Amino acid sequence: MTATPLADGGDGHLPDGVEPRTFDGDQRLATRGEPVYGEPVQDGWRAWDPGRSKLGAMLGRGVETGFAGGDTVLYLGAASGTTVSHVADFAGPTYAVEFAPRPARDLVRAAESRPNLFPLLKDARKPATYAHVVESGVDVLFQDVATRGQGEVACRNRQFLADDGWLVATIKARSEDVTGPTEVTFGHVVETIESEYEVVTTERMDPLHEDHLAVVARPR
Ligand SMILES: C[S@@+](CC[C@H](N)C(=O)[O-])C[C@H]1O[C@@H](n2cnc3c(N)ncnc32)[C@H](O)[C@@H]1O
């Protein structure tokens, strides 16, 4: 479990249902739910590991993501459910897209105790394949897909987002271009995102998540 100091600016940016709690003397963000990845639990609150979760790291650093308790969420790149399980603990309906069958099996397990978490074994580059399941007008589109074309994925899935919703994306430079300069790669992805969104914040996620950029944006 990675411990990082929480942001000094108070916890006004935290969605309802996410709270700083003390675990073994350290302050960590936590949500209420069944444990998923061996994280410590106290009084029903599960510690959220910012070293394993880019969203956990963003919230720990005080980034304003737009997430609010009870939101409807479309989450792309859910993997085995580490982060999306925390999201489902504080959000409303949470649609979790993952295209790799192996992690998706663990994701299904994480969903067993979360009736608002809906795993979808789908390719995030092909939103037409889940458009019949995901309601339109979601409050937050969260994206953490390790694939080339991360900007295009955000644009193609814009169709599900409410006009006053939020895109929260973590961009992995090495998935776009293994050898190219990271800043140039981020520039290209952000430029693509800007064709459909107005970018509000970008923030490098080093050192916890090297070569990753957090992007928060609103639909145009
Ligand atoms: C960094 S991991 C996600 C970690 C997860 N968001 C978390 O914090 O718990 C990236 C995931 O994206 C998935 N992925 C990559 N390309 C995808 C695509 N086109 N559609 C759906 N999932 C994809 C990978 O299988 C992998 O599980």
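Per an unreviewed UniProt entry, the recorded name for the protein is Fibrillarin-like rRNA/tRNA 2'-O-methyltransferase, and the organism is Haloarchaeobius iranensis. Taken verbatim from the UniProt record of the protein, the Sequence similarities (unreviewed entry) comment is "Belongs to the methyltransferase superfamily. Fibrillarin family." Entered under Subunit (unreviewed entry) in the UniProt record, the comment concerning the protein runs "Interacts with nop5. Component of box C/D small ribonucleoprotein (sRNP) particles that contain rpl7ae, FlpA and nop5, plus a guide RNA."

1. Considerations on the pattern of salt bridges
Counted under the stated rule, the structure contains 15 salt bridges. Measuring nitrogen to oxygen at the nearest pair gives 2.9 Å for the salt bridge that ties R109 to D106. Pair noted here: R109 and D106 are both in helix α3 (residues 101–112), with a separation of three residues, about one helical turn. The partly exposed category is assigned to D106, whose relative accessible area is 33%. One salt bridge connects R204 with E183, and the closest N-O pair in it is separated by 2.6 Å. Taken as a pair, R204 in strand β10 (residues 197–204) and E183 in helix α6 (residues 182–193) lie far apart in primary sequence, 21 residues in all.

2. A closer look at the layout of surface pockets
What the largest pocket holds in volume is close to 320 Å³. Taken together, 17 residues make up the lining of the largest pocket; nearest its centre are G77, E98, D144, V145 and A146. Looking at the lining of the largest pocket residue by residue, the class counts come to seven nonpolar, three polar and seven charged.

3. Regarding the site of the ligand
Around the ligand, a shell composed of 18 residues is seen, among which Y75, G77, T83, E98 and D144 lie nearest. For the ligand, a nitrogen atom lies 2.8 Å from a polar atom in the backbone of G77. Contacts to the ligand include A146, whose backbone N or O atom sits 3.4 Å from an oxygen atom. When the ligand sits alone it has 600 Å² of accessible area, and the protein chains cover 86% of it. Judged by the proximity of its atoms to the pocket grid, the ligand belongs to the largest pocket. Classifying every residue of the shell around the ligand by side-chain character gives eight nonpolar, four polar and six charged.

4. Description of the sheet that holds strand β9 (residues 161–172)
Hydrogen bonds between backbone groups are what pair the strands of a sheet, and the pairing can be parallel or antiparallel. On the basis of which strands lie adjacent, the open sheet formed by seven strands has the order β7-β6-β5-β8-β9-β11-β10 and mixed pairing. Each edge of the sheet is formed by a strand with only one pairing partner; in this case those strands are β7 (117–121) and β10. Each strand axis lies, on average, 15 degrees off the axis of its neighbour in the sheet, ignoring direction. Here strand β6 (residues 94–98) runs beside β7; their pairing, made up of five bridges, is parallel. By the bridge assignment for β7, V97 is matched with L120. Of the strands in this sheet, β9, β10 and β11 (212–219) are in contact with α6, which crosses β10 at around 155 degrees.

5. Overview of the UniProt feature "binding site: S-adenosyl-L-methionine" (unreviewed entry) in the protein
In the numbering adopted here, UniProt assigns the feature "binding site: S-adenosyl-L-methionine" (unreviewed entry) to T82, T83, E98, F99, D123, A124, D144, V145, A146 and T147. Put simply, the named residues that line the largest pocket are E98, F99, D123, A124, D144, V145, A146 and T147. Position of T82 among the secondary structure elements: in helix α2 (residues 82–90). The exposure class of T82 is buried, given its relative accessible area of 12%. Sequence-distant contacts of T82, defined by excluding residues within four places in its chain, comprise Y37, R46 and R52. Not counting chain neighbours up to four residues away, the residues in contact with T147 comprise R125, V153, S175 and E176.

6. A few points about the pairing of β11
Summarising burial for β11: seven of the eight residues are buried, a large majority. The pairing of β9 with β11 spans six bridges and is antiparallel. Opposite I171, over in β11, you have L213 as the bridge partner. Here β10 runs beside β11; their pairing, made up of seven bridges, is antiparallel. Bridging across to β11, T201 finds its partner in V216.

Rules used in this analysis
- Residues numbered from 1 in each chain as written.
- Predicted model: local features only at pLDDT ≥ 70, side-chain atom pairs only at ≥ 80, totals over all residues.
- Heavy atoms only, no water.
- UniProt positions renumbered as here; feature names shortened; annotations may be inferred.
- Salt bridge = Lys/Arg side-chain N within 4 Å of Asp/Glu carboxyl O.
- Helix = DSSP H or I, 4+ residues; strand = E, 2+ residues; numbered from the N terminus.
- Buried < 20%, exposed > 50% of the residue type's maximum accessible area, 1.4 Å probe, protein only.
- 1 Å grid on protein atoms, 1.4 Å probe; cavity = no way out; pocket = protein on both sides within 12 Å on 5 of 7 lines; lining within 4 Å.
- Points joined across faces, edges and corners; volume = space filled by probe spheres on them.
- Nonpolar A, V, L, I, M, F, W, Y, C, P; charged D, E, K, R; others polar.
- Near = heavy atom within 4 Å.
- Polar contact = N/O pair within 3.5 Å; in protein donor to acceptor, adjacent residues only side chain to side chain.
- Areas by Shrake-Rupley, 256 points an atom, 1.4 Å probe, with all protein chains shown as cover.
- Sits in = over half its atoms within 2 Å of the grid points.
- Pairing = 2+ DSSP bridges.
- Axes fitted to C-alpha atoms, helices over the stretch in contact; angles between N-to-C directions.
- Contact = heavy atoms within 4.5 Å.

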